[in-house]
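# Close look at the chain arrangement
Now for the letters of each chain:
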Amino acid sequence: KPLALPGAHVVVTGGSSGIGKCIAIECYKQGAFITLVARNEDKLLQAKKEIEKHSVNDKQVVLCISVDVSQDYSQVENVIKQAQEKLGPVDMLVNCAGMAVSGKFEDLEVSSFERLMSVNYLGSVYPSRAVITTMKERRVGRIVFVSSQAGQLGLFGFTAYSSSKFAIRGLAEALQMEVKPYNVYVTVAYPPDTDTPGFAEENKTKPLETRLISETTSVCKPEQVAKQIVKDAIQGNFNSSIGSDGYMLSSLTCGMAPVTSITEGLQQVVTMGLFRTIALFYLGSFDSIIRRCMMQRARSEVADKTA
Ligand SMILES: NC(=O)C1=CN([C@@H]2O[C@H](COP(=O)(O)OP(=O)(O)OC[C@H]3O[C@@H](n4cnc5c(N)ncnc54)[C@H](OP(=O)(O)O)[C@@H]3O)[C@@H](O)[C@H]2O)C=CC1
Ligand SMILES: CCCCCCCCCCCCCCCC(=O)[C@@H](N)CO
């Protein structure tokens, strides 16, 4: 039942940086052939070199493909075809290309909502759409979506980001119901803040409230997140989360998500009330963070005026 990675073809979008690169390394270490998909060719080549250091046999290949996953379906379909011609049918697709923009609703450009929806959501639809038919025919396959803890709860500053990550969940649930009879398994990962170039970039413009609320969970290493995602994907687990708060969030927000094991279902049933109780305290603390920040701003405005 678990997918055998040795000799398998794994496509990782966003594989040239951060979590995606670590996922590629993790799969390569387990004997997979890798296709990296991202836009910037220099970053792709750099990542390829780094990944190749971890080879476990001399047949392994890392293929780089430069394309924007969010622009044009036929382009994405073409590059997937190219990759399949070189390395065989895709056994596992990891949709990790993505980005974050934060800011208060009224401060965000309308174009940011469009951009995040196309990169984070459509950028996961296109590659998945391009591989699914072959996976169903072969009765083999894994599709991984990288959402976020911010795809499990809406957060101050993340009106554009959270919604694009929630969208992935709906896609994944519906798709899993369709493809399960064909032995194709879908995984949705919900990482917390993770120490990556993308995270550093996002922190440059993050509102104070968003930062303080996010600090509820600690910053993870991308290697650790990648290990967990690969493990869950191989197993065919629908849910992939990290740490005790990740576990609580996934359990609490399980809704109508598919269960992978009886144990998982039982744990959800038993812990639901307790985790909701804990969540109420968290929500209270988030409200007070936001109130404190608001009062602080008001005070410094008064100080500015009197100065
Ligand atoms: N880091 C974090 O704190 C968290 C991250 N996540 C999610 O994990 C994923 C990876 O994040 P992270 O590792 O931090 O990101 P990075 O910014 O470090 O890497 C992003 C990768 O995606 C590629 N990419 C971005 N846009 C496109 C596009 N339009 N088409 C093709 N490739 C693209 C980038 O390459 P290039 O720019 O060359 O195209 C790069 O390889 C994202 O979906 C993010 O939302 C989730 C939770 C927490
Ligand atoms: C039982 C209830 C437990 C409650 C725990 C609540 C924890 C909330 C913290 C949310 C952190 C959001 C991180 C987003 C990461 C991300 O995606 C960005 N870095 C963008 O890249």
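Whatever comes next refers back to the structure up there.
To start, this report covers the structure provided alongside it. This one's a predicted model, so the numbers in the text were calculated from it and none came from an experiment.

## So, the pattern of salt bridges
In the structure shown here, the tally under the stated rule is ten salt bridges. Lys48 serves as the salt-bridge partner of Glu52, at 3.1 Å between the closest nitrogen and oxygen. Highlighted residues: Glu52 and Lys48, both in helix α2 (residues 41–52), separated by four residues, approximately one helical turn. Salt bridges linked by common partners bring Asp193, Glu202 and Lys206 together as one network.

## Observations concerning the packing of aromatic side chains
Summed over the entire model, instances satisfying the criterion amount to five aromatic pairs. Where Phe105 meets Phe113, the ring centres are 5.6 Å apart and the plane angle is 85°; that geometry is what we call edge-to-face. Judged by its relative accessible area of 55%, Phe105 is exposed. You can call Phe113 partly exposed: its relative accessible area is 23%. Arranged with centres 6.2 Å apart and planes meeting at 45°, the rings of Tyr282 and Phe286 form a pair that is tilted. In this pair, Tyr282 and Phe286 are both assigned in helix α10 (residues 262–306), four residues apart and thus about one turn of the helix distant. Using a relative accessible area of 32% as the deciding quantity, one classes Tyr282 as partly exposed. The ring of Tyr185 has Lys1 sitting right over it, with the charged end atom 5.3 Å from the ring centre. Geometry around Tyr182 places Lys136 over its ring, the cationic atom sitting 4.5 Å from the centre.

Definitions and cut-offs
- Residues numbered from 1 in each chain as written.
- Chains lettered and ligands numbered in written order.
- Predicted model: local features only at pLDDT ≥ 70, side-chain atom pairs only at ≥ 80, totals over all residues.
- Heavy atoms only, no water.
- Salt bridge = Lys/Arg side-chain N within 4 Å of Asp/Glu carboxyl O.
- Helix = DSSP H or I, 4+ residues; strand = E, 2+ residues; numbered from the N terminus.
- Phe/Tyr/Trp six-rings, centres within 6.5 Å; stacked < 30°, edge-to-face > 60°.
- Buried < 20%, exposed > 50% of the residue type's maximum accessible area, 1.4 Å probe, protein only.
- Lys NZ or Arg CZ within 6 Å of the ring centre and 35° of its normal.

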